[in-house]
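The chain contents come next:
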Amino acid sequence: MRKVTLEEIEQLHLFVRKHYVEFYDVEMELVDHLANDIEIQWQEDQQLSFDVALNRAFKKFGIFGFSDVVEQKVNELSTSYYKKSFRLLLHCFTIPKIVVSTALFLVLYVFFRYLSNAYALYANEVIKGILMGLIVIQFIQLMRRRIRYKKENRRQWLLHAVLFNLEIWPYYLMFIFLFQSFLLARTTTFLLVLQAFVVTLSILYVYVLKAIVVPQIERDLEQQKRQLLFVG
């Protein structure tokens, strides 16, 4: 039976990259899928040219080409690690860890409550402005790290993009809540509780990410690199 040659495999890699697949792990999966599809076609017609068989295989992905596959992979992997992160976050509210979580919430609530006092209005604006500035700095650092990684590494990995998304959203959430409270002329008890709760969750989530999830993703990424680069 006719098989796809090494030279044709290289053509498949070029073909996949030309169709805007930036992640090497997804690229390898798509190349393998296309090669299998082409060989199945050759079982029925060995005279079929490689280019014709490739075009037929590609058309099966629909009008959006590989974009749907990439989006599906991103969503599946992101959902998997988000679920793992939130399961770990829930452990922060079980005995005895709930004592530390509750203490953090109460400290933040008292802090925001004090800042909402009319006598501390100036301090309120200054401290919230400083907190927002620190969040923006962290956001910029993450963006620069992502850009630097893309420049320094010829091969991009889906897991690394997912890791970036996991790390960046809690800072975005904290910034939005602080910005909203910054604009409010009068802060209610409900908003103070909500603000303290959201910031508490964000801090705990960042801790879970840094201490557990990020090291796990980095280990998974290194294992995936060893497997795929060995195959490739």
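In short, a report on the structure. As the structure is a computational prediction, the values presented were derived from the model and not from experiment.

This next bit is on the overall build of the chain. Regarding its fold elements, the chain presents eight helices and zero strands. Moving toward the C terminus, one meets the helices and strands of the chain in the order α-α-α-α-α-α-α-α. In terms of overall dimensions, the chain is more spread out than a globule: its C-alpha atoms have a radius of gyration of 25 Å, far above the 17 Å expected for 232 residues. Judged by the C-alpha coordinates and their principal axes, the chain covers about 85 × 35 × 30 Å. Relative to its 232 residues, the chain shows a buried fraction of 38%.

The next thing to look at is the nonpolar core. Counting residues in hydrophobic clusters, the biggest one holds 45 residues, and the most contacted among them are Leu12, Leu30, Leu34, Ile38, Phe66 and Leu166. Not counting residues up to four positions away in its chain, the partners in contact with Leu30 are Val16, Val21, Phe61, Phe66 and Val69. Counting residues in each nonpolar core, the second largest holds 15 residues, with Leu108, Phe112, Leu192 and Val206 among its members.

Quick look at the environment of Val199 now. On the secondary structure map, Val199 appears in helix H8 (residues 189–231). On the accessibility criterion, Val199 (8% relative accessible area) is buried. Along the backbone, Val199 and Leu108 are 91 residues apart, and their C-alpha atoms lie at a distance of 7.9 Å. Aside from chain neighbours lying at most four places away, what touches Val199 is Leu108, Phe112 and Met174.

What helix H3 (residues 50–59) keeps buried is the set Phe50, Ala53, Leu54, Ala57 and Phe58. Along H3, the residues classed as buried sweep out an arc of 135° about the axis, all on the same side.

Here the focus is the packing of aromatic side chains. Throughout the structure, instances matching the rule amount to eight aromatic pairs. Ring geometry for Phe15 against Phe66: centres 6.3 Å apart, planes inclined by 85°, an arrangement best described as edge-to-face. In this pair, Phe15 is assigned in helix H1 (residues 6–18) and Phe66 in the loop between H3 and helix H4 (67–90), connecting sequence segments 51 residues apart. A single burial state applies to Phe15 and to Phe66, both of which are buried. Their ring planes at 20° and their centres at 6.4 Å tell us that Phe105 and Tyr109 sit as a pair that is stacked. Residue Phe105 and its partner Tyr109 are located together in helix H5 (residues 97–115), separated by four residues, close to a single helical turn. Among the aromatic side chains, those forming a connected cluster through ring pairs are Phe15, Phe58, Phe61 and Phe66.

The next point concerns H4. Taking 1.5 Å per residue as the helical rise, H4 with its 24 residues ought to reach 34 Å, and the 34 Å between its terminal C-alpha atoms agrees with that figure. Looking only at H4, the buried set comprises Val69, Val70, Ser78, Tyr81, Ser85 and Leu89.

The next thing to look at is the environment of Ile203. Mapped onto the elements, Ile203 comes out in helix H8. It is 9.1 Å that separates the C-alpha atoms of Ile203 and Tyr171, two residues lying 32 residues apart in sequence. Excluding anything up to four places from it in sequence, Ile203 contacts Leu104 and Leu108.

Attention now goes to the side chain of Ser85. Here Ser85 shows up in helix H4. Ser85 sits in the buried class, given a relative accessible area of 0%.

This part takes up the pattern of salt bridges. Close approach of charged atoms allows side chains with opposite charge to pair. Within the structure shown, the criterion is met by seven salt bridges. Between Glu39 and Lys3 there is a salt bridge whose closest N-O contact spans 3.9 Å. Here Glu39 is found in helix H2 (residues 24–44), whereas its partner Lys3 is found in the segment before H1, with 36 residues between them in sequence. For Glu39, a relative accessible area of 14% gives the class buried.

So, about a nonpolar patch on the surface. Taken together, the side chains of Val126, Ile130, Leu134 and Ile137 define a hydrophobic patch exposed on the protein surface, amounting to about 350 Å² of accessible area. You can see Leu134 is positioned in helix H6 (residues 121–152). Classification of Leu134 as exposed rests on a relative accessible area of 52%.

Note that the residue after Ile95, namely Pro96, is joined by a cis bond; omega there is 5°. By the element assignment, Pro96 lies in the loop between H4 and H5. The phi dihedral of Tyr20 falls on the positive side, at around 65°, and the residue is not glycine. Assignment of secondary structure puts Tyr20 in the loop between H1 and H2.

Reading the values: rules and limits
- Residues numbered from 1 in each chain as written.
- Predicted model: local features only at pLDDT ≥ 70, side-chain atom pairs only at ≥ 80, totals over all residues.
- Heavy atoms only, no water.
- Helix = DSSP H or I, 4+ residues; strand = E, 2+ residues; numbered from the N terminus.
- Rg over C-alpha atoms; globule rule 2.2 N^0.38 Å.
- Buried < 20%, exposed > 50% of the residue type's maximum accessible area, 1.4 Å probe, protein only.
- Core = buried A, V, L, I, M, F, W, Y, C linked by side-chain atoms within 4.5 Å.
- Contact = heavy atoms within 4.5 Å.
- Arc of directions from axis to C-beta.
- Phe/Tyr/Trp six-rings, centres within 6.5 Å; stacked < 30°, edge-to-face > 60°.
- Expected span 1.5 Å × (residues − 1).
- Salt bridge = Lys/Arg side-chain N within 4 Å of Asp/Glu carboxyl O.
- Patch = residues over 30% accessible without salt bridge, like charges linked within 9 Å, V, L, I, M, F, W, Y side chains within 5 Å.
- Areas by Shrake-Rupley, 256 points an atom, 1.4 Å probe, with all protein chains shown as cover.

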